[in-house]
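# Breakdown of the fold
Each chain is listed here by its residues.
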Amino acid sequence: MKKLTFWFVSSAAALTLAFTGAGRPATASPGDALLAAGDFAAADRAYDAAVKAWPSDISAEVGLARVRLYENRNDEAIALARKALAAQPDNALAKQILGSAQQRQSDFAADRYRSSGAPPETSIPFVVTDPLPVVQVTVAGQHANFLIDTGGPDIVVSAGLARALGLQVQSGGEGVFAGGLRAQVQRTIVPELEIGQVKIANVPAGVMPQMLPIPGAKVDGVIGTGLLMHFLPTLDYCQGRLVLRPRTASAEFQRTVAAEGANSAPMWLVGDHFLFARAHLQHGSEGLFAIDTGLAGAGLAATKPALDEAGVAIDPNAAKAGMGGGGAVSFIPFQADATLGSLTVQNVPGSYSPGGDPFGMFPFKVSGALSHMFFRKTRLSLDFDAMRLVTESCAAKS
């Protein structure tokens, strides 16, 4: 089980800023505890009620802005953050939320991402599906194989491909890798990326010295959530393909989902690419799980508290060695049933990292991650307008 793609600490570290505020009643808002527990929907309701009851409660207002940012309701997050800053100009968290929401909006500006000649739907066949799906793309006129990983940012290119294309590379700060290990990362801009019939210009990219080895395909890069969120994407494991539709197809897609009774669950977007949904292991309580499809050979990652609560035993003597983007890591394999909405998958192979917590950088509780093998017998769609994660069973569609 290996995970080579990285998480940018810079995109999440600022979200760990402490709650600040003035004008709050003597007791703290219930929203603070709910957000820290990873129950974003309940936190939204609590903050909203507090803001209506106490309009001068800046802390609740900032908390509501933060949750609206996670819900990808960027206009509302900006309005709330600006209102808080008008009353409290030095509120650091409000400044961070305002900057993050404005950055998301700028990501969709014409000068940053330009798609031309895109059809209503484009389908790109997988070169291979396991241990991770890989598609062929064209990077600055050169064919390359990129694996798909919703745990990654925009895209990642190998150092070899960057050199071959003559791309300018610069320092990109620090990344968090498998096992919670940290390492320096590099960044570049890819002048043009072609996926199927879609052409995208000026794509921000990470640069890594090596890529995950995939049998049957030389991997040159990674497609992450930072790019996928510009579309309504479907990882169709059933037919072995990536389907990209415009985000404007959201309303029609959601009507189809409702009519067909597909599994649909709310999802949240944190930072520039971190996706979360609520799920549970075995008979444990529901918690927040990262939606990270890039864990090769596994469908789950979990924290020790989540495993203990679900009654999943792990054997420390079964620890194995692997290699992540930050270096050698130790992991302990396990199996557990996992449920997301109405989708339950039994005996999902999982991985527990005893050496470090990759979720520890978030200012809320994360129970683990759902990955490739959990979704392997579904069509997984990510609707960033409705902020819904949809799975359709391969068996139901056969």
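Conventions adopted
Residues numbered from 1 in each chain as written. Predicted model: local features only at pLDDT ≥ 70, side-chain atom pairs only at ≥ 80, totals over all residues. Heavy atoms only, no water. Helix = DSSP H or I, 4+ residues; strand = E, 2+ residues; numbered from the N terminus. Buried < 20%, exposed > 50% of the residue type's maximum accessible area, 1.4 Å probe, protein only. Contact = heavy atoms within 4.5 Å. Areas by Shrake-Rupley, 256 points an atom, 1.4 Å probe, with all protein chains shown as cover. Phe/Tyr/Trp six-rings, centres within 6.5 Å; stacked < 30°, edge-to-face > 60°. Axes fitted to C-alpha atoms, helices over the stretch in contact; angles between N-to-C directions. Parallel < 35°, antiparallel > 145°, perpendicular 65-115°, else oblique. Left-handed = near helix turned anticlockwise from the far one by under 90°. Nonpolar A, V, L, I, M, F, W, Y, C, P; charged D, E, K, R; others polar. Expected span 1.5 Å × (residues − 1). Polar contact = N/O pair within 3.5 Å; in protein donor to acceptor, adjacent residues only side chain to side chain. pLDDT = per-residue confidence, 0-100. Arc of directions from axis to C-beta.

### A short note on the overall build of the protein chain
- Secondary structure assignment for the protein chain yields 12 helices and 23 strands.
- Counting the 398 residues in the protein chain, one finds 56% classified as buried.
- Taking the contacts inside the protein chain whose residues are at least 6 apart along the sequence as the reference set, 67% of them involve residues at least 24 apart.
- Surface summary for the protein chain: the accessible area is close to 15,700 Å², and the carbon and sulfur share equals 52%.

### Topic: the packing of aromatic side chains
- Scanning the model with the defined rule gives 10 aromatic pairs in all.
- Centre to centre, the rings of phenylalanine 374 and phenylalanine 375 are 5.0 Å apart; their planes meet at 85°, and the pair counts as edge-to-face.
- Under the relative-accessibility criterion, phenylalanine 374 is labelled buried at 1%.
- The structure contains a cluster of three or more aromatic residues connected by ring pairs, namely Phe40, Tyr70, Trp268, Phe274, Phe276, Phe362 and Phe364.

### Considering the packing of helix α4 (residues 58-70) against helix α6 (residues 92-107)
- Contact geometry for α4 and α6: axes closest at 10 Å, N-to-C directions at 25°. Taken together, α4 and α6 sit at an angle that is classed as roughly parallel. Where α4 crosses over α6, the two elements pack in a sense that is left-handed. Residue-level contacts link Val62, Ala65, Arg66 and Leu69 of α4 to Leu93, Ala94, Ile97, Ser100, Ala101 and Arg104 of α6.
- Here the residues of the contact of α4 with α6 sort into 7 nonpolar, 1 polar and 2 charged.

### Side note on α4
- Taking 1.5 Å of rise per residue, the 13 residues of α4 would be expected to cover 18 Å, and the 19 Å separating its terminal C-alpha atoms lies within 8% of that figure.
- Burial analysis of α4 places 13 of its 13 residues in the buried class, which makes it a mostly covered element.
- Phi turns positive, to about 65°, at asparagine 72, one or two residues after α4.

### Digging into the side chain of threonine 225
- On the secondary structure map, threonine 225 appears in helix α8 (residues 225-228).
- For threonine 225, a relative accessible area of 0% corresponds to the buried category.
- Reaching out from threonine 225, the side chain makes a polar contact with the backbone oxygen of threonine 150 at a distance of 2.8 Å.
- Sequence-distant contacts of threonine 225, defined by excluding residues within four places in its chain, comprise Asp149, Thr150, Gly152, Pro153, His273, Leu275 and Phe384.

### Considerations on the confidence of the model for the protein chain
- Averaged over every residue, the pLDDT of the protein chain is 87; the share at 70 or more is 85%.
- Across residues 1-26, confidence stays below pLDDT 50; counting only partners more than four residues off in sequence or on other chains, it has 118 contacts.

### Considering helix α9 (residues 250-260)
- Residues Ser250, Phe253, Gln254 and Val257 constitute the buried set of α9. All buried residues of α9 fall inside an arc of 95° around its axis, so they share one side. α9 presents Glu252, Arg255 and Ala259 as exposed residues on the side facing more than 90 degrees away from its buried surface.
- The inward-facing, buried residues of α9 contact β11 (232-236), β12 (241-245), β13 (263-266), β22 (378-383) and β23 (388-393).
- Directly beyond the C-terminal end of α9, a positive phi value near 70° is found at glycine 261.

### Some points on the packing of helix α3 (residues 40-53) against α4
- Orientation of α3 relative to α4, taken along the N-to-C sense of each, is 145°, at an axis distance of 9 Å. For the element pair α3 and α4, the recorded crossing hand is left-handed. For the pair α3 and α4, the contacting residues are Phe40, Ala43, Asp44, Tyr47, Asp48, Ala50 and Val51 in the first and Ala60, Glu61, Gly63, Leu64, Val67, Arg68 and Tyr70 in the second.
- Residues belonging to the contact of α3 with α4 are distributed by class as follows: 9 nonpolar, 1 polar and 4 charged.

### Details of unusual backbone geometry
- Note that the residue after aspartate 130, namely proline 131, is joined by a cis bond; omega there is 5°.
- Among the structural elements, proline 131 can be located in the loop between β3 (122-128) and β4 (134-139).
- Here the phi dihedral of glutamine 282 falls at roughly 45°; this positive angle occurs in a residue that is not glycine.
- In this structure, glutamine 282 sits in the loop between β15 (274-281) and β16 (287-291).

### A look at the environment of histidine 143
- Topologically, histidine 143 is positioned in strand β5 (residues 142-148).
- Classification of histidine 143 as exposed rests on a relative accessible area of 57%.
- As for histidine 143 and aspartate 220, which are separated by 77 residues in sequence, their C-alpha atoms are 9.5 Å apart.
- If we skip the residues at most four places from it in the chain, histidine 143 touches Gln136, Val137 and Thr138.
- Here the side chain of histidine 143 touches threonine 138 through a polar contact of 3.3 Å, side chain to side chain.

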